[in-house]
Amino acid sequence: MALLELSGVTMRFGGLVAVNALDLALEPGQLYGLIGRNGAGKTTVFNVITGVYRPTSGAIRFKEHSIVGERSGKITRRGIARTFQNIRLFGEMTVLENVKVAAHCRQTADLGSAVFRTPAHHSEERRVDEQSRELLKIFHLEQFGGEKAKNLPYGSQRRLEIARAMATLPRLLLLDEPAAGMNPQEARQLMDLIRWVRDHFDMAILLVEHNMKVVMGVCETVHVLDYGATIAVGTPAEIQNNPKVIEAYLGGA
Amino acid sequence: MKALVRAVALVAVLFVVSGLLTGSLIESVSISPYFLQVLCLAGINIILAVSLNLINGFTGQFSIGHAGFMAIGAYVSSFLSITFGDRIRGVVSFAPEAVQNSLLLLAVLAVGALCAGAAGFLVGVPSLRLRGDYLAIVTLGFGEIIRVFIVNIDAVGGARGLGGMPKLANFFWIYLFAAGTVAVVTRIVGSSFGRTLIAIREDEIAAEAMGVNTTRAKVLSFVVSSAMAGVAGGLFAHYLIYLHPNSFTFIRSFEIIIMIVIGGLGSITGSVLGAVLYITLTEGLRQFAQYRMVAFSLLLVILMIVRPQGILGHRELRHFLGKRRRASEPPPPAVAA
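Reading the values: the criteria
- Residues numbered from 1 in each chain as written.
- Chains lettered and ligands numbered in written order.
- Predicted model: local features only at pLDDT ≥ 70, side-chain atom pairs only at ≥ 80, totals over all residues.
- Helix = DSSP H or I, 4+ residues; strand = E, 2+ residues; numbered from the N terminus.
- Rg over C-alpha atoms; globule rule 2.2 N^0.38 Å.
- Buried ≥ 20, exposed ≤ 12 C-beta atoms within 10 Å, placed from the backbone.
- Contact = placed C-beta atoms within 7 Å.
- Pairing = 2+ DSSP bridges.
- Nonpolar A, V, L, I, M, F, W, Y, C, P; charged D, E, K, R; others polar.
- Axes fitted to C-alpha atoms, helices over the stretch in contact; angles between N-to-C directions.
- Left-handed = near helix turned anticlockwise from the far one by under 90°.
- pLDDT = per-residue confidence, 0-100.
- Expected span 1.5 Å × (residues − 1).

(A) Fine view of the overall build of chain A. Each helix and strand in chain A was counted, giving 10 helices and 10 strands. Scaling as 2.2 N^0.38, a compact globule of 253 residues should have a C-alpha radius of gyration of about 18 Å, and chain A matches this with 19 Å. Every one of the 253 residues in chain A was classed for burial, and the buried ones make up 45%. Sequence separation of at least 24 residues holds for 67% of the intrachain contacts in chain A that already meet a minimum separation of 6.

Listed below in structure tokens is the structure:
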């Protein structure tokens, strides 16, 4: 049974077909890479899955539920979390608070408990505080806990994006170019982190990335898009030797 | 338990101070009625500024309709106390008159706040889909619609204004509600729900992607903010015992915005400071007669050039006191003694 299943998903913007009849199936615990040239429609696929856009046609099922037309927040609460290609942290909030905001969707706390500060509110706050610090530790951010997110170095901001997404307790994590702007050493550490997170939290990860070392090193299945359509799906080794992929990336001879 | 003790202490202090100010306890410390009225209006401004800051400063939704919700609270509570005041008193006729007055005030304020909150819900649901300038324009429009409605309702005096309500509000009640507003807003923004509001201000798309139901959170904070404006309106009405629709034009909304911008959007301490400073400046500049607003505008321009984030920016009183940190914040780094 697939965790996430896209069948015949098409996304049109006016005359432009950004995603064309895409089929994609992700098993629980799978590390799945989505690659393609600039403008191939990778980020659009993310936006369609997370409800930012409603697909023009096609079906998206997550844990056997159709999630087409649901709000982003609802889809996140169902268990799909994401990071953003152009970092979207809550800049004026501290690193710890960034993570806690994401934890809110698994809390019962609301306006009432905020005003009356019930005992349940206090114990939940403590629990969220512990969990959030734990996540910061995993992503080597604990020393920045009280720092404003906007003041973090770039690589740390990228890690915070992942930590924040993890705080929503997802079954599926969508990473949009997590290695962008990282040096080779940071990228290697990121690969280890992605693998560790997958094993430790038993989630599926869908990865969009331009850094081929990262994609080929981490993913079990690689899916290549070109002009919104699938041109190949397979293991990293198969993809590297696929003539269609080589043509799309390097141009025809 | 500690909170209860603090609340009782606050009520006692306010009660004594209001007694001193109005001269009923000690004749010698009584102050001029003018100064007392300025103090009371400052208290009402504090309620308005702190509540508007919840939506403008913390949730980041620029609303210019606060005067409209204040008007609803003022008119609904006044209509009730004028029309049903005696009947409500009759229900508690066994109690002494002071208690009767207090209960009547609380009852009409509650209904006024409910109506203002309901109006906030009706306005908020459609308009909070908009952002930035568009939201500002729509809330400005709704604020004016509310006022024009009132002008055309004869039962509340229409354009003649409304008088005849009992003088129920005083220094004590105004500052009790001001303290209550500060306490409630402080607790909201310091909570898990409050963090989602600030997250919406910082990046709405990311907040939604992190599982926050942004529409619900925005509407909720708008409703709370409107209800508090309704309380401020009710106190205003029962303090001045006369209402006129012209008190609730968009200029009043702008005044409240100026208060929170002076103090710092996103700072509760700043809103309190801004509210007091605003009335101090407008009253203090009276000597400049017709040049008063010129001088005031100049001061604002200078402030915006020197300190665009407002006097306090995002900081609160506790950041200056230093020692009472929230549990969620890490302890300060160790410094060699």
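(B) Up close: the pairing of strand E9 (residues 221-226) of chain A. Residue and element names in this part refer to chain A. For E9, the tally of buried residues reaches 5 of 6 residues, placing the bulk of the element in the interior. The pairing of strand E3 (residues 31-36) with E9 spans 5 bridges and is parallel. Residue pairing across strands places Leu34 opposite His223, the latter belonging to E9. Hairpin remark: E9 followed by strand E10 (residues 229-234), antiparallel, with 2 residues in the connecting loop; positive phi at Tyr227, about 50°.

(C) Structural context of the interface of chain A and chain B. With 34 residues of chain A at the interface, the matching set in chain B holds 28 residues. Residue assignment for the side of chain A that touches chain B shows that the elements contributing at least two residues are helix H2 (72-78), helix H3 (95-103), helix H4 (111-116) and helix H5 (119-138) of chain A. Tallying contributions element by element places H3(A) first for the side of chain A that touches chain B, with 5 residues. Along the lines of polarity and charge, the residues of the side of chain A that touches chain B split into 12 nonpolar, 10 polar and 12 charged.

(D) Examining the packing of helix H1 (residues 2-22) of chain B against helix H7 (residues 171-189) of chain B more closely. Residues and elements named next belong to chain B. Two elements in contact, H1 and H7, have axes whose closest approach is 8 Å; the angle formed by their N-to-C orientations is 145°. H1 and H7 meet at a crossing whose hand is right-handed. Across from Leu10, Val11, Leu14, Phe15, Ser18, Leu21 and Thr22 in H1, the residues of H7 making contact are Phe171, Phe172, Tyr175, Leu176 and Ala179. Residues that form the contact of H1 with H7 fall into these classes: 10 nonpolar, 2 polar and no charged.

(E) Spatial organisation of the packing of helix H5 (residues 97-127) of chain B against helix H6 (residues 132-151) of chain B. Residues and elements named next belong to chain B. Where H5 contacts H6, the two axes come as close as 11 Å, and the packing angle between them is 150°. Seen along the crossing, H5 lies across H6 with a hand that is right-handed. Residue-level contacts link Ala119, Val123 and Ser127 of H5 to Leu135, Val138, Thr139, Phe142 and Ile146 of H6. Considering only residue class, the contact of H5 with H6 consists of 6 nonpolar, 2 polar and no charged.

(F) Representation of the sheet that holds strand E2 (residues 16-26) of chain A. All names here are of chain A. Strands sit in the order E2-E1-E4-E5 across an open sheet of 4 strands; the sheet is antiparallel. Across the chains shown, the open sheet's two edge strands, defined by having one partner strand only, are E2 and strand E5 (65-66). Where strand E1 (residues 4-13) meets E2, 7 bridges bridge the pair, whose relative direction is antiparallel. Paired with Val9 across the bridge in E2 is Leu22. In the packing of helix H1 (residues 42-49) onto the sheet, contacts are made with E1, E2 and strand E4 (57-62), and the angle to E2 comes to roughly 65°.

(G) Inspection of the environment of Asp133(B) at higher detail. Residue and element names in this part refer to chain B. Within the secondary structure, Asp133 sits in helix H6. The exposed category is assigned to Asp133, around which 9 C-beta atoms lie within 10 Å. With 58 residues separating them in the primary sequence, Asp133 and Tyr75 have C-alpha atoms 29 Å apart.

(H) Highlighting the confidence of the model for chain B. All names here are of chain B. Averaged over every residue, the pLDDT of chain B is 87; the share at 70 or more is 93%. The least confident element of chain B, judged by mean pLDDT, is helix H14 (residues 317-321) at 79; the most confident is helix H10 (residues 214-240) at 96. Predicted confidence is poor over residues 324-337, with pLDDT under 50, and the contacts of this stretch with residues over four places away or in other chains come to 7 contacts. On the interface metric, ipTM, the complex scores 0.90, and its pTM is 0.89.

(I) Main features of the environment of Phe236(B). Residue and element names in this part refer to chain B. With respect to the helices, strands and loops of the structure, Phe236 is situated in helix H10. Exposure remark for Phe236: the 26 C-beta atoms within 10 Å place this residue in the buried category. In the structure, Phe236 is positioned 194 residues away from Ala42 in sequence and 11 Å away in space, judged by C-alpha atoms. Apart from the residues within four sequence positions on either side, Phe236 is in contact with Ile44 and Ala74.

(J) Seen up close, the sheet that holds strand E6 (residues 80-82) of chain A. Residue and element names in this part refer to chain A. Taken in spatial order, the 6 strands of this open sheet run E6-E7-E8-E3-E9-E10, and their pairing is mixed. Lying at the two open borders of the sheet, with one neighbouring strand each, are E6 and E10. Across the sheet, the mean angle from the axis of one strand to that of its neighbour is 20°, orientation sign disregarded. Relative to strand E7 (residues 172-176), E6 runs parallel, the two being bridged by 3 bridges.

(K) Quick look at H7(B). Taking 1.5 Å per residue as the helical rise, H7(B) with its 19 residues ought to reach 27 Å, and the 27 Å between its terminal C-alpha atoms agrees with that figure. For H7(B), the set of buried residues is Phe171(B), Phe172(B), Trp173(B), Ile174(B), Tyr175(B), Phe177(B), Ala178(B), Thr181(B), Val185(B), Ile188(B) and Val189(B).

(L) View of the environment of Gly274(B). All names here are of chain B. Within the secondary structure layout, Gly274 lies in helix H12 (residues 268-284). With 29 C-beta atoms packed within 10 Å, Gly274 lands in the buried category. With 38 residues separating them along the chain, Gly274 and Leu312 place their C-alpha atoms 9.6 Å apart.

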